[in-house]
Amino acid sequence: IAPAALRAELLALRTVLSRWLVAADALSDEPVVCLSGPTNAGKSALFARLTGAPALVSPLAGTTRDHLEAPWLIAGRRVRLIDTAGWLDAASGLDAAALAASRSVLDGAALVLACSAPDAPLPADPPLPRARTVVVATKADLGVHEPRAVLAVSVETGAGLDQLAGLVAA
């Protein structure tokens, strides 16, 4: 078999298997929802607010390296919320390993919440699974919102958090 043909077949198979994995997670007791986005987009603060689990929050880029995971109860159903490492432009060593682990977690997520903040915007074409990604504007209390966002939330004021839970539940 020609290498190009083999690659095309494997990519098609990967797509099919990825969809089956998402479906299996959605049917389990705890579907996976991931927070993803650039460093300092408010992912860890949002994670802590939604789950009540501790998360280290800092203005320093790259604070979250290992992903954080906790149950989040929405409309009587538990989901597994995962806070992934923020994207760094020049990742190497430990940062590169954290980003690789985050990509692995994202591949199995039923839903990805792409977090974008006024001081940490999403790139024009974020490296996320488009069919399972919803853009959320974080740090809404700062006033400027991501134009691609479905809704805006603020950990500081609580604005939009109930709507976010409703969106994830739906």
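Note that the structure is predicted; figures quoted are calculated from it, not measured.

Conventions adopted
- Throughout, a residue's number is its position along its own chain's written sequence, starting from 1.
- Only residues with pLDDT of 70 or above have their local features reported here, since the model is predicted, and side-chain atom pairs are shown and tallied only from 80 upward, although totals for entire chains, interfaces and linings are computed over all residues.
- No hydrogens and no water enter the side-chain calculation; it runs on all heavy atoms of the structure.
- To qualify as a helix, a DSSP run of H or I must reach at least 4 residues; to qualify as a strand, a run of E must reach at least 2; elements of each kind are numbered from the N terminus.
- Classification of residues uses two cut-offs on accessible area relative to the type maximum, computed with a 1.4 Å probe and protein chains only: under 20% is buried, over 50% is exposed, and between them is partly exposed.
- Contacts are assigned to residue pairs that have any heavy atoms within 4.5 Å of one another.
- In this description, accessible areas are obtained by the Shrake-Rupley approach with a 1.4 Å probe, and a residue is regarded as covered only by the protein chains that are shown.
- Within 3.5 Å is the distance limit for a polar contact, defined as a pair of N or O atoms, with the added protein rule that one can donate a hydrogen and the other accept it, and that residues adjacent in sequence qualify only through two side-chain atoms.
- A strand pair is defined by DSSP finding two or more bridges across the two strands.
- What counts as an axis is a line fitted to C-alpha atoms, over the stretch in contact for a helix, and the angles between N-to-C directions run from 0 to 180 degrees.
- Residues grouped as a nonpolar core are buried Ala, Val, Leu, Ile, Met, Phe, Trp, Tyr and Cys residues, joined through side-chain atoms within 4.5 Å.
- The rule for a salt bridge is simple: a side-chain nitrogen of Lys or Arg has to be within 4 Å of a carboxyl oxygen of Asp or Glu.

Colleague: Residues and numbers for the overall build of the chain, please.
Modeller: Scanning the chain from terminus to terminus reveals 4 helices and 6 strands. Going through the 170 residues of the chain one by one, you find that 40% of them count as buried. If you take every contact in the chain between residues at least 6 apart in sequence, the share linking residues at least 24 apart comes to 50%. Carbon and sulfur atoms provide 59% of the accessible area of the chain, an area that totals close to 9,300 Å².

Colleague: Can you explain unusual backbone geometry? Please cite residues and give values.
Modeller: Glycine aside, residues mostly have negative phi angles, and peptide bonds mostly take the trans form. At Ala75, a residue that is not glycine, the phi angle is positive and equals roughly 50 degrees. Checked against the element boundaries, Ala75 lands in the loop between strand 2 (68-74) and strand 3 (77-83). Classification of Ala75 as exposed rests on a relative accessible area of 76%. Even without glycine at this site, Lys139 takes up a positive phi of about 55 degrees. By the element assignment, Lys139 lies in the loop between strand 5 (133-137) and strand 6 (151-152). On the basis of relative accessible area, Lys139 is assigned to the partly exposed category, the value being 23%.

Colleague: If you had to explain the environment of Ser116 to someone new, which residues and values would you point to?
Modeller: Relative to the elements of secondary structure, Ser116 occurs in strand 4 (residues 111-116). Ser116 gets classed as buried once you look at its relative accessible area, which sits at 2%. Separated by 80 residues in sequence, Ser116 and Ser36 place their C-alpha atoms 9.0 Å apart. Among the polar contacts listed, one links the side chain of Ser116 to the backbone nitrogen of Leu122, at a separation of 3.1 Å. Only 2.9 Å separates the side chain of Ser116 from the side chain of Glu146, close enough to count as a polar contact.

Colleague: With reference to specific residues and values, describe the side chain of Ser44.
Modeller: Here Ser44 shows up in helix 2 (residues 43-51). Looking at Ser44, its side chain comes within polar contact range of the side chain of Asp83, at 2.5 Å.

Colleague: Kindly report on the sheet that holds strand 3, identifying the contributing residues and their values.
Modeller: Taken together, the 6 strands give an open sheet; going across it, the order is 2-3-1-4-5-6, and neighbouring strands pair in mixed fashion. Two strands in the sheet have a free side with no partner beyond their single neighbour: strand 2 and strand 6. Bridging between strand 2 and strand 3 involves 7 bridges; their strand directions are antiparallel. In the sheet register, Ala70 faces strand 3, and the bridge partner there is Leu81. Here helix 2 sits on the sheet in contact with strand 1 (32-36), strand 2, strand 3 and strand 4, set at roughly 45 degrees to strand 2. Sitting on the sheet, helix 4 (residues 161-169) is in contact with strand 1, strand 2, strand 4, strand 5 and strand 6, with an inclination near 90 degrees to strand 2.

Colleague: Report on the nonpolar core, specifying residues and quantitative values.
Modeller: Membership of the largest hydrophobic core comes to 25 residues, with the highest contact counts inside it found for Leu46, Trp72, Leu113, Leu164 and Val168. Looking at this core, the elements that each hand over two or more residues are strand 1, helix 2, strand 2, strand 3, strand 4, strand 5 and helix 4. The element contributing the most residues to this core is helix 4, with 4 residues. When near neighbours in sequence (up to four residues on either side) are disregarded, Val168 contacts Val33, Trp72, Ile74, Leu111 and Leu113. Residues Trp87, Val112, Leu128 and Val135 belong to the second largest nonpolar core, which totals 12 residues.

Colleague: Please provide a residue-by-residue account of the pattern of salt bridges, values included.
Modeller: Tallied over the full model, the rule gives 5 salt bridges. Between Arg130 and Asp125 there is a salt bridge whose closest N-O contact spans 2.3 Å. Under the relative-accessibility criterion, Arg130 is labelled exposed at 64%.

Taken by themselves, the reported measurements are silent on function.
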